[in-house]
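A closer look at the structure
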Amino acid sequence: QVQLVESGGGLVQAGGSLRPSCAVSGSIFSINVMGWYRQAPGKQRELVAAVTSGGSTIYGDSVKGRFTISRDNAKKMVYLQMNSLKPEDTAVYYCHEKQFVRNWFEYWGQGTQVTVSS
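Residues numbered from 1 in each chain as written. Predicted model: local features only at pLDDT ≥ 70, side-chain atom pairs only at ≥ 80, totals over all residues. Heavy atoms only, no water.

1. Quick look at the pairing of strand β9 (residues 91-100)
Our working definition: Only protein chains enter the accessibility calculation, which uses a 1.4 Å probe; a residue is then buried when its area is under 20% of its type maximum, exposed when over 50%, and partly exposed in between. Only runs of H or I of at least four residues qualify as helices and only runs of E of at least two qualify as strands under DSSP, and these elements are numbered from the N terminus. In this analysis, strands are considered paired if DSSP registers two or more bridges between them.
Of all 10 residues that make up β9, seven are buried, and the element is covered over most of its length. By the bridge criterion, three bridges tie β9 to strand β11 (residues 112-117) in an arrangement that is antiparallel. The residue of β11 that forms the bridge with Tyr93 is Thr112. Where β9 folds back on strand β10 (residues 104-108), the antiparallel hairpin that results is connected by three residues, among which Arg102 adopts a positive phi of roughly 70 degrees.

Laid out in structure tokens, this is it:
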């Protein structure tokens, strides 16, 4: 029973920073890919960042140089450091896990709202 629980969203002024986190339970955390996606009202859900169990990362073009994803396998946590926030970053941010336990499985968190004001 894998659960992903996001926290750390909120309201921030443009140019500010937030660091939402995702707590993972009910899974073996090491063999997986953790990611952050976001979805704004009326928009498609898009990949923000992802990190493999080996530490490799990818980022969406719109956040490169501003956001940093990281993971702590011992704590079963994943983080998204968001700097230089822009109003267009406003969205619900979702934690995502693709996990290998005999096979690949996918899980989503409930999301945390990030609002960036002008």
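Following the structure, the description resumes.
2. Considerations on the state of the cysteines
We count it as follows: Any two cysteine sulfur atoms lying within 2.5 Å of each other are counted as a disulfide.
In this structure the tally under the stated criterion is one disulfide. Here Cys22 pairs with Cys95 through a disulfide, and the sulfurs are 2.1 Å apart. An S-S torsion of about -85 degrees defines the bridge between Cys22 and Cys95 as left-handed. One end of the pair, Cys22, is in strand β3 (residues 21-25); the other, Cys95, is in strand β9, and 73 residues separate them in sequence. Overall, the relative accessible area of 0% leaves Cys22 in the buried class.

3. Overview of the sheet that holds strand β7 (residues 67-72)
The condition is simple: Angles here are taken between N-to-C directions and fall from 0 to 180 degrees, while the axes themselves are lines fitted to C-alpha atoms, restricted in helices to the stretch in contact.
If you trace the four strands from one edge of the open sheet to the other, you get β1-β3-β8-β7, paired in antiparallel fashion. On the outer flanks of this sheet lie β1 (3-7) and β7, each paired with one strand and no other. Pairwise comparison of adjacent strand axes, ignoring direction, gives a mean angle of 15 degrees for this sheet. Alignment of β3 against strand β8 (residues 77-82), held across three bridges, turns out to be antiparallel. Counterpart to Cys22 in the pairing with β8 is Val78.

4. Some words on the pattern of salt bridges
What counts is decided by this rule: When a carboxyl oxygen of Asp or Glu is within 4 Å of a side-chain nitrogen of Lys or Arg, the pair counts as a salt bridge.
A complete count under the given rule lists four salt bridges for this structure. A salt bridge links Arg38 to Glu46; its shortest N-O distance comes to 2.7 Å. Take Arg38: its relative accessible area is 5%, and that puts it in the buried class. A salt bridge links Asp89 to Arg66; its shortest N-O distance comes to 2.8 Å. Linking Asp89 in the loop between β8 and β9 with Arg66 in the loop between β6 (57-59) and β7, this pair joins segments that are 23 residues apart in sequence. The same class applies to Asp89 and to Arg66, which are both buried. One network of salt bridges, in which partners are shared, links Arg38, Glu46, Arg66 and Asp89.

5. Some words on the nonpolar core
For clarity, the cut-off: By convention a nonpolar core is built from buried Ala, Val, Leu, Ile, Met, Phe, Trp, Tyr and Cys residues, the set being connected through side-chain atoms within 4.5 Å.
The biggest cluster of nonpolar side chains holds 23 residues, and the ones touching the most others in it are Trp36, Leu80 and Tyr93. Of all elements in the fold, only β3, β4 (32-39), β5 (46-52), β7, β8, β9 and β11 reach the threshold of two or more residues within this core.

6. Comments concerning the side chain of Arg66
Condition: For the purposes of these results, a polar contact is taken to be a pair of N or O atoms within 3.5 Å, where, inside protein, one atom must be able to donate a hydrogen and its partner to accept one; residues adjacent in sequence count only when each atom of the pair is a side-chain atom. Contact criterion: two residues are considered in contact whenever any of their non-hydrogen atoms come within 4.5 Å of each other.
On the basis of relative accessibility, which here comes to 10%, the residue Arg66 falls in the buried class. Within polar-contact distance, the side chain of Arg66 engages the backbone oxygen of Ser62 at 2.8 Å. Engagement of the side chain of Arg66 in a polar contact is seen with the backbone oxygen of Ser84, the distance being 3.0 Å. Those residues in contact with Arg66, other than ones at most four positions away along the chain, are Gln81, Met82, Asn83, Ser84, Leu85, Lys86 and Asp89.

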